[in-house]
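Residue-level structural notes
Spelled out from the first residue to the last, the chains are:
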Amino acid sequence: MYTQFLGNYLLQKGIVSQEQLFNAMSRLSHTHIKLGTIAIHEGLMTAKEVDECLYVQTREDKRFGEIAIERGYLTDEQVNDLLSKQTPDYILLGQNLVEDNVFSYEELERILFDYRNETELYDLSLDVENEEAVKAIISKFFILAEMPVEETNVMYLELMFNSLIRFVGEDFSPLTPMVLDEFPVTFGVSQAIRGNHEYLTHIDCDRDTAIEFASRYAKEEFFEFDEYVIAALEDFLNLHNGLFIVNVSNTHSKDISLAPPEVTTDGVIYGANKCVDFPVAYPFGTIHLIICF
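Attention in this report is confined to the structure presented alongside it.

How each quantity is defined
- Residues numbered from 1 in each chain as written.
- Predicted model: local features only at pLDDT ≥ 70, side-chain atom pairs only at ≥ 80, totals over all residues.
- Heavy atoms only, no water.
- Helix = DSSP H or I, 4+ residues; strand = E, 2+ residues; numbered from the N terminus.
- Contact = heavy atoms within 4.5 Å.
- Buried < 20%, exposed > 50% of the residue type's maximum accessible area, 1.4 Å probe, protein only.
- Pairing = 2+ DSSP bridges.
- Patch = residues over 30% accessible without salt bridge, like charges linked within 9 Å, V, L, I, M, F, W, Y side chains within 5 Å.
- Areas by Shrake-Rupley, 256 points an atom, 1.4 Å probe, with all protein chains shown as cover.
- Salt bridge = Lys/Arg side-chain N within 4 Å of Asp/Glu carboxyl O.
- Lys, Arg positive; Asp, Glu negative; His and termini not counted.
- Charge placed at Lys NZ, Arg CZ, Asp CG, Glu CD.
- Core = buried A, V, L, I, M, F, W, Y, C linked by side-chain atoms within 4.5 Å.

1. Here's the deal with the environment of Leu92
Counting through the fold element by element, Leu92 comes out in helix 7 (residues 89-99). Placed 183 residues apart in sequence, Leu92 and Cys275 show a C-alpha to C-alpha distance of 35 Å. Those residues within four positions of Leu92 in sequence are excluded, and the remaining contacts are Leu28, Thr31, His32 and Ile33.

Structure (structure tokens):
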């Protein structure tokens, strides 16, 4: 999930455009990590040293590892160790953006350093997903929206991002959240969660975006906005919320239930307390996740 959060950071800072980000994200599954990229990530080489070895590689028929060893930047053991490491996708994203000339390796090194400091995350090795680190980043979305960070709220949003990755696709980036007193509906599906802690969730988007979202979720290509598209969005929201209430019940022993999904084609959504728009940008359009707490 760090890939999506890094994408959000790059967009917020104006370092990349949405087009540049999605172009790089779309190639993640086909990208092979380079030794120099891993060496920077592991702190064994600087970006300047990597650039130097890459330059030499254009003039000598040698592998990157051979050149790095010859120049004393890496040992044989370190090269073998780096080649066996599992690298998180967000490092692949950075490598793709370097190859697209969006920024250099030296700039990537600085970006990752600043990102760690600003998010107060100092261990981004991510050979295993760090649950506490993910929760820390998601908490900052609520802070940006000037809302208190509550455990169940963080759980809900974390599960939503995971549901998007699992059922729709990982090539998205969360955008900056906004607190809303009201939200004018384009088209969407809403569902209420009732119990000790009530939620109203509304997925809103234009119809073309809905078609693409539904096609990915249903793993079936839809060509027009119809009842099958609507049913797919209803099913996604119902599945996600069902997973959430199971998690909450298991973790907190709370009795909560789901209302049936409702389709909304116009009008305005009001929150009993606060509504927050968590926009999520996909290459095919932006989904607005309106969550009223």
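2. Some points on the pairing of strand 8 (residues 285-292)
When you tally the buried positions in strand 8, you get six out of eight residues, the bulk of the element. Pairing analysis gives five bridges linking strand 4 (residues 199-204) to strand 8, with the strands arranged antiparallel. If you follow Leu200 over to strand 8, its bridge partner there is Cys292.

3. Here we look at the side chain of Ser215
Mapped onto the fold, Ser215 is located in helix 11 (residues 207-218). Taking relative accessible area as the criterion, Ser215 reaches 13% and is therefore assigned buried. For Ser215, the residues in contact, after removing those within four places along its chain, are Glu220, Glu221 and Phe222.

4. Things to note about a negative patch on the surface
Where like charges cluster on the molecular surface, the negative patch consists of Asp51, Glu106, Glu107 and Glu109. Of all the elements, helix 8 (residues 105-119) adds the most residues to the negative patch, at three residues. Following the sequence through the fold, Glu106 ends up in helix 8. You can call Glu106 partly exposed: its relative accessible area is 39%.

5. Here's the deal with the nonpolar core
Counting residues in hydrophobic clusters, the biggest one holds 88 residues, and the most contacted among them are Phe103, Leu164, Leu233, Phe236, Phe244 and Phe278. Excluding residues that lie within four positions of it along the chain, Phe244 makes contacts with Thr152, Met155, Tyr156, Leu159, Ile193 and Tyr199. If you look at the next biggest cluster of nonpolar residues, it comprises seven residues, including Leu180, Cys275, Ile290 and Cys292.

6. Observations regarding the pattern of salt bridges
Taken as a whole and assessed by the stated rule, the structure comprises six salt bridges. The partner of Arg71 in a salt bridge is Glu52, with the nearest N and O atoms 2.7 Å apart. Of this pair, Arg71 sits in the loop between helix 5 (64-70) and helix 6 (76-83) while Glu52 is found in helix 4 (residues 47-57), placing the two residues 19 residues apart along the sequence. For Arg71, a relative accessible area of 40% translates into the label partly exposed. Taking relative accessible area as the criterion, Glu52 reaches 28% and is therefore assigned partly exposed. Taking the shortest distance from any N to any O, the salt bridge between Lys62 and Glu70 comes out at 2.8 Å.

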